Amino acid sequence: MKIVLGIETSCDETAVAVVTNEKKILSHQIFSQINTHKKYGGVVPEIAARNHLDRLDTMIVDVMKDAHLSYNALSAIATTTGPGLIGGVMVGMMAGKTIAATYDKPFIAINHLVAHVLTPRLTENIKFPYLALLVSGGHTQFLLIRDIDDMLELGTTIDDALGEAFDKTAKMMGLPYPGGPYIEQLAQKCRDPQKAIDTYPLPKPLYRRAGCDFSFSGLKTAIAKQVQSPPDGDIKPEDAHDIAHAFQHTILEIIKDRLQNAICLAQDLSQEKLTQMVIVGGVSANRYLYNGIKDMAHTHTLECLTPPLKLCTDNGAMIAWAGLEFLHKGITHPLSFPARPRWPLGRAQ
Amino acid sequence: MKNILAIETALEACGVSVATGDQCHTIFEPMKRGQTERLIPMVMEACEGVNITLKDVEAVCVTRGPGSFTGVRVGLSVARTLANIREIPLYGLTSFEALSLFMEGKSSYGIVLESKRTDVYFQAIVDGQAQEPCVTTYESLLETYPDLELIGNVAPLQFDQKALTVKMIEYVQSGQAEEGQISPYYCREADISASKKKYRTMSSDVLDSLL
């Protein structure tokens, strides 16, 4: 049996997990720093790095104890080495390298994006090639996953990430940070969806254009005009419900349009017929979007899967799992591996 | 005598010493960045230099700042992880305490360290008493302490930085060092520039009524 320790510190979650090649998560811990960053309305990189250092070493010890494992029993140590907030990435990477060096175990440098899109293989039965939609606070991408080391970026956002667009919209409405998840709840209360869409017409950047890139910043500006023009004071409930629905509806329209192009592009670039797609990243928690995307995937005869939410947001198990996949293929990395704040995957031509 | 590892990455360098009873192997490279790539290979090489492996290390000593924020964290992440997983003693020195090791026998001096900004990190030791460390300007500290001998990486009296980790090992060997869970000493809060944009805010009562 292969056992890998995974460490994730690239944003505001300090996370450690131990996973086996039999797809068993022996132990995992996540500490979210969200309460620390809340008062700043977003993640502050220097504060995030400081917090990772404060907690990570004891978390590693706790996870190993909880899994009843000695460090010698590990097959390898995998850590996120980018992309992300570099101060935090370095803390996790150095801890991982230290364990690898001490116990003479392979070190595996994991690209955070690769870990996200491989996670469904930990929880579901998924075979290469497949299409992945990664939607989180930091990323919005379509990727064709042909193998663990052969991924092609089909499209990405040219400005804001989708989760960021949700959070910023929520912020403009006065919702507490991170407000993205509230949008779905508010939209469910919308009494007259058609009226909401008519009252709050929002732009759909790049809609019906070639390719499958995204753009959300125009949408943000439009929302700003809608919510900041009324007089000061709390937003009226009906307005909040309508704006939330109009926003979410527009986002789904954009994603569906981009998805059609992504599926065509992925089919063209894939040697075998595509039968599966996955949605990963924190925004996959939004059921309205998930169901809309799933319906569209089905019309293209694609099975659509997503891992459980705790594995969709940043976590250590996805890093450990990606480590197991690399180890299985014989891919490991030197202890001189650098942290990479930017680490794009290959772009499809 | 214990096998001791000393690490210094806070002061724009990557320095490592490993000592066994009778031998000490030191590797030192000045660098503004790149410690994340060099530190572990250097630690392993230093261990090999005294014919031990990292597993044989029985105590760790590290500088905990002030200095480069990233450098402080790189050294501490390695030192703390090693001490925790091996359950061995960890000793931490502020950068000021570490440099004081070069000033033995002197009772009054000041330590001035690069802050990568227009100011400096400073600590005065006056008649053997260490004053509160601070962030100040060079001009202002010269005004307050015109006659103080100054040592540091931006001071007139430079020090042999390569020897720093050797001094740290000797300090641990002397038995004066105090063991413990070592925290970083940044000497400065994180810079946060709050957004100037005004946003609505919502009370939790209003939020509840909406949901």
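Procedures and definitions
Residues numbered from 1 in each chain as written. Chains lettered and ligands numbered in written order. Predicted model: local features only at pLDDT ≥ 70, side-chain atom pairs only at ≥ 80, totals over all residues. Heavy atoms only, no water. Helix = DSSP H or I, 4+ residues; strand = E, 2+ residues; numbered from the N terminus. Rg over C-alpha atoms; globule rule 2.2 N^0.38 Å. Buried < 20%, exposed > 50% of the residue type's maximum accessible area, 1.4 Å probe, protein only. Contact = heavy atoms within 4.5 Å. Lys, Arg positive; Asp, Glu negative; His and termini not counted. Charge placed at Lys NZ, Arg CZ, Asp CG, Glu CD. Domains from an automatic or database assignment. Buried area = accessible area lost by both parts, 1.4 Å probe. Salt bridge = Lys/Arg side-chain N within 4 Å of Asp/Glu carboxyl O. Polar contact = N/O pair within 3.5 Å; in protein donor to acceptor, adjacent residues only side chain to side chain. Nonpolar A, V, L, I, M, F, W, Y, C, P; charged D, E, K, R; others polar. Pairing = 2+ DSSP bridges. Axes fitted to C-alpha atoms, helices over the stretch in contact; angles between N-to-C directions.

### Considering the overall build of chain A
Looking only at helices and strands, chain A features 13 helices and 11 strands. A globule of 349 residues ought to have a C-alpha radius of gyration of about 20 Å, and chain A, at 21 Å, matches this closely. If one aligns the C-alpha atoms of chain A with their principal axes, the spans along those axes are about 65 × 50 × 30 Å. Put simply, chain A has 349 residues, and 60% of those count as buried. Put simply, 74% of the contacts in chain A that link residues at least 6 apart link residues at least 24 apart. Computing the positive centroid from 34 side-chain charges and the negative centroid from 36, chain A places the two 1 Å apart.

### Observations concerning the domain arrangement of chain A
Residues and elements named next belong to chain A. Assigned domains within chain A: domain 1 (3-119 + 310-347) and domain 2 (125-306). One C-alpha centre belongs to domain 1, the other to domain 2; they are set 27 Å apart. Counting residues at the interface gives 21 residues for domain 1 and 28 residues for domain 2. Here domain 1 packs against domain 2, burying approximately 2000 Å² in sum over the two surfaces, 65% of which is carbon and sulfur. Inspection of the region where domain 1 meets domain 2 yields four salt bridges. Across the domain 1-domain 2 interface, the total number found is seven residue pairs in polar contact (both at pLDDT 80 or more). Listing elements by their share of the side of domain 1 that touches domain 2, those giving two or more residues are α1 (34-38), α4 (112-118), α13 (316-328) and β11 (346-347). Top element by residues in the side of domain 1 that touches domain 2 is α4. It accounts for six residues. Partitioned by chemical class, the residues of the side of domain 1 that touches domain 2 number 11 nonpolar, six polar and four charged.

### Some points on the sheet that holds β11(A)
Residues and elements named next belong to chain A. Overall, mixed pairing links the six strands, which are arranged β10-β9-β6-β7-β8-β11 in an open sheet. Sheet topology places β10 (303-305) and β11 at the edges, where each strand pairs with a single neighbour. As defined by bridge partners, strand β6 (residues 130-135) adjoins strand β7 (residues 140-147) across six bridges and the pair is classed as antiparallel. Residue Leu-131 lies in a different strand from β7, and its bridge partner there is Leu-144. Here helix α11 (residues 287-299) sits on the sheet and contacts β6, β9 (276-280) and β10; the angle it forms with β10, its principal contact strand, is near 155°.

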